[in-house]
Each structure stands twice: as structure tokens, then as C-alpha cells.
Amino acid sequence: MNRSQFLQDLIKQLSPKLDSTTYVYCTVARAKYGELEKLRPIVSIAELEGLTLVIPLAQAQAEGLDYYRVFRRITLEGHSSLEALGLTSVVTSLLAERGITTNVIAGFYHDHMFVPSDRIDEAMDALKELASKPNG
């Protein structure tokens, strides 16, 4: 199977699933990986400036943490490979064409997309349309 056909097959299997939880990105200066385990982040990235966490909105509010914007998570349920070429590019380009910001986190089994909560319906519609017409 050629690379183009493999990518089209991945797109057909996108199966976007919307998580009911609302999430926010927070950053905690001078924090180290593992120090804020009590917040139970679904994503944690250590950066020079501090620790970036993706946590439920309710958790951030309860802890008094600052955040910029509220996101919803879309999981692309179709099994993707960490070596799949082009899938993230196709999906983020599609949403970018519609002016929808997308933050993608690649897990071992699935890609997880964090989209502004006020654009979630548009994003889901676009992804479902893409999966039904992988050739454009």
C-alpha cells in the first residue's frame, strides 16, 4: 500500500469522539515534573519557564490557577501510528482553514485535539465530514 492510500485509510477511521469535560492549559513557574501530581493533569509538559498542565476547568478554578481559554478534547479514536505521516497535518490544516485553533497531543494509541470550547461543534462537523470524504 502506498503512503497516500495509507493516509486516506487513516482519515476514514478518524472516528472523532468528544470528551464531555472542559479543559484549560495552566502554567506554574518553577514547578518541576511530578510536583503537582495532586492536580491529576491529563497532559504535563516541563518547560524552562515552568510546568504546563492540561487539567479540567473545575480543577483549575478550585486551585485558583490562572488560565487563558477553555478547551474541549476531541479524541481521534481510529488507531493511529506514532509513525503515520501527514495525519496531524491534514486535520490541523482543515481546522485552520476554518479559523479554529487546535492543540494536538499525540498519545501512543490516539491523537487528542484540544479545541476552543466555543468552536467545538464546527470542529466536530469538519472532522466527521473529512472522515466521510477522505479524498476531498
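Presented here is a report on the structure given in the accompanying data block. Within each chain, residue numbers correspond to sequence positions counted from 1 in written order. Predicted model: local features are reported for residues with pLDDT of at least 70 only, side-chain atom pairs are reported and counted for 80 or more only, and whole-chain, interface and lining totals are derived from all residues. The side-chain quantities take in all heavy atoms of the structure and omit both hydrogens and water.

**Quick look at the overall build of the chain**
In terms of helices and strands, the chain carries 4 helices and 6 strands. By the criteria applied, helices consist of DSSP H or I runs no shorter than four residues and strands consist of E runs no shorter than two, each listed in order from the N terminus. Scanning the chain from its N terminus toward the C terminus, one meets helices and strands in the order α-β-β-β-α-β-α-β-β-α. Counting only residues that meet the buried cut, the chain has 38% of its 136 residues in that class. In the chain, the proportion of contacts linking residues at least 24 apart, taken out of those at least 6 apart, comes to 69%. Summed over all atoms, the accessible surface of the chain reaches about 8200 Å², with 49% contributed by carbon and sulfur. The cut-offs for exposure are 20% and 50% of the maximum accessible area for each residue type, with area from a 1.4 Å probe on protein chains only; residues under the lower value are buried, those over the upper are exposed, and the others partly exposed. Contacts: residue pairs with any heavy atoms within 4.5 Å of one another. Computed with a 1.4 Å probe, the accessible areas rest on the Shrake-Rupley method; for each residue, only the protein chains presented here act as cover.

**Concerning the pairing of strand 3 (residues 50-56)**
Burial analysis of strand 3 places 6 of its 7 residues in the buried class, the great majority of the element. In the sheet, strand 1 (residues 16-29) pairs with strand 3 via 7 bridges, with the strands oriented antiparallel. Across the sheet, Tyr23 pairs through a bridge with Pro56, a residue of strand 3. Paired strands, in this sense, are two strands between which DSSP finds at least two bridges. Bridge analysis of strand 2 (residues 43-47) against strand 3 gives 5 bridges, and the strand direction is antiparallel. Bridge pairing in strand 3 places Ala46 opposite Leu51. Counted between consecutive antiparallel strands, the loop separating strand 2 from strand 3 contains 2 residues.

**Examining helix 4 (residues 120-132)**
Taking 1.5 Å per residue as the helical rise, helix 4 with its 13 residues ought to reach 18 Å, and the 18 Å between its terminal C-alpha atoms agrees with that figure. Burial in helix 4 covers these residues: Ile120, Ala123, Met124, Ala126, Leu127, Leu130 and Ala131. Across the axial projection of helix 4, the buried residues extend over an arc of 165 degrees, all falling on one side. Structural note: helix 4 exposes Asp121, Asp125 and Ser132 on the side pointing more than 90 degrees away from its buried face. One less than the residue count of a helix, multiplied by 1.5 Å, gives the span that helix is expected to have. Of all possible arcs, the one meant is that of the directions from the helix axis to the C-beta atoms.

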